[in-house]
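Here is what each chain is made of, one letter per residue.
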Amino acid sequence: MEPKYKRILIKLSGEALAGERGVGIDIKTVQKMAQEIQEVHSLGIEIALVIGGGNLWRGEPAAEAGMDRVQADYTGMLGTVMNALVMADSLQQVGVDTRVQTAISMQQVAEPYVRGRALRHLEKGRIVIFGAGIGSPYFSTDTTAALRAAEIEADAILMAKNGVDGVYNADPKKDKTAVKFEELTHRDVINKGLRIMDSTASTLSMDNDIDLVVFNMNQAGNIKRVVFGENIGTTVSNSIEEK
């Protein structure tokens, strides 16, 4: 069976690395995730990762409390690098050659982001983790994921969620009548104001015709199921007529 997607970018929230604690980094949780990613990588799938930093720092609440927004965002970028380094170590432990590239130069711990080098790593079978956002404040890691996915010509962004199995028209935890969408267009997401990604990230994905798949990462094997085209979660793409 041929995979539907051969080059993917997986977007993880920082909270995903925290496990049940919700904050900080739980190494056993990261190792479990690394094993899941390794299993997909072993099938010849090219993989890049973008990880948020919300388990360590959230810039917007800090800014609302009076901290300078730019400084708050830069602090959050450093949090994403910490998460990237921990994930890279766990991937290396399960035998996957991994590189961390950062948008803010810190050559003692990671490579600077260079598109050509990132593509070369992917072609050589290495996983690339993009840290420090895009290197500028006011942009989320969702936007980073959409931008890097476009730059590396990824087939899809896999939006791995904690305990959420797709996109609904309301919060399923609060509204028992909430309806899950199996398919949406990027235009639907923007027009309906569905908070899958921020609007900048959604527009980038739409303009570059990149599929977005929202799925529950807590169920073992789901990354593989998405890669091979199983109908789980919610798939967001440009209109079917255009594909």
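This text goes with the structure placed above it.
Note that the structure is predicted; figures quoted are calculated from it, not measured. (Residues numbered from 1 in each chain as written. Predicted model: local features only at pLDDT ≥ 70, side-chain atom pairs only at ≥ 80, totals over all residues. Heavy atoms only, no water.)

**A short note on the pattern of salt bridges**
Working step 1: What the rule picks out here adds up to 10 salt bridges.
Working step 2: Close ionic contact of glutamate 2 with lysine 6 constitutes a salt bridge, the shortest N to O distance being 3.8 Å.
Working step 3: Here lysine 6 falls in the partly exposed class, since its relative accessible area comes to 49%.
Working step 4: With its nearest N and O atoms 2.9 Å apart, the salt bridge here joins arginine 69 to aspartate 73. Of this pair, arginine 69 and aspartate 73 both sit in helix H3 (residues 69-93), 4 residues apart, which is roughly one turn of that helix. (Salt bridge = Lys/Arg side-chain N within 4 Å of Asp/Glu carboxyl O. Buried < 20%, exposed > 50% of the residue type's maximum accessible area, 1.4 Å probe, protein only. Helix = DSSP H or I, 4+ residues; strand = E, 2+ residues; numbered from the N terminus.)

**Describing the sheet that holds strand E2 (residues 46-51)**
Note: strands within a sheet are paired through backbone hydrogen bonds, in either parallel or antiparallel orientation.
Working step 1: Spatial ordering of the open sheet is given by E4-E3-E5-E2-E1-E6-E10-E11-E9, a layout of 9 strands whose pairing is mixed. In the strand order of this sheet, the two ends are held by strand E4 (111-112) and strand E9 (183-185), each with one partner.
Working step 2: Bridge count between strand E1 (residues 7-12) and E2: 6 bridges; the pairing is parallel. Bridge pairing links isoleucine 10 to leucine 49 in E2.
Working step 3: Those strands touched by helix H1 (residues 27-41) are E1, E2 and strand E5 (127-131), and its axis lies near 155° from that of E2.
Working step 4: Here helix H5 (residues 141-151) sits on the sheet in contact with E1, E2, E5 and strand E6 (156-161), set at roughly 175° to E1. (Pairing = 2+ DSSP bridges. Contact = heavy atoms within 4.5 Å. Axes fitted to C-alpha atoms, helices over the stretch in contact; angles between N-to-C directions.)

**Section: the nonpolar core**
Working step 1: Within the largest apolar cluster, 35 residues are counted, with the highest numbers of intra-cluster contacts made by Ile10, Leu12, Leu49, Met87, Leu91, Ile129 and Leu158.
Working step 2: The set of elements that each furnish at least two residues to this core consists of E1, H1, E2, H3, E5, E6, strand E10 (211-216) and helix H8 (222-227).
Working step 3: For this core, the element with the most residues is H1, which contributes 5 residues.
Working step 4: Formed by 28 residues, the second largest nonpolar core is a distinct cluster that contains Ala145, Leu184, Val189 and Ala201. (Core = buried A, V, L, I, M, F, W, Y, C linked by side-chain atoms within 4.5 Å.)

**Examining the packing of aromatic side chains**
Working step 1: Across all of its chains, the model carries 1 aromatic pair by this definition.
Working step 2: The ring of tyrosine 113 has arginine 148 sitting right over it, with the charged end atom 3.7 Å from the ring centre.
Working step 3: It is arginine 148 that lies over the ring of phenylalanine 130; its NZ or CZ is 5.8 Å from the centre. (Phe/Tyr/Trp six-rings, centres within 6.5 Å; stacked < 30°, edge-to-face > 60°. Lys NZ or Arg CZ within 6 Å of the ring centre and 35° of its normal.)

**Focus: the side chain of threonine 141**
Working step 1: Within the secondary structure layout, threonine 141 lies in helix H5.
Working step 2: Given a relative accessible area of 19%, threonine 141 falls into the buried group.

**Remarks on unusual backbone geometry**
Working step 1: Of note in this structure, alanine 132 is not a glycine but carries a positive phi near 65°.
Working step 2: Relative accessible area serves as the criterion here: at 0%, alanine 132 is assigned to the buried category.
Working step 3: Positive phi values are uncommon outside glycine, yet tyrosine 138 reaches one of about 75°.
Working step 4: A residue is classified by how much of its surface remains accessible, and tyrosine 138, at 53% relative accessible area, is exposed.

Any functional reading would require information that these geometric values do not contain.
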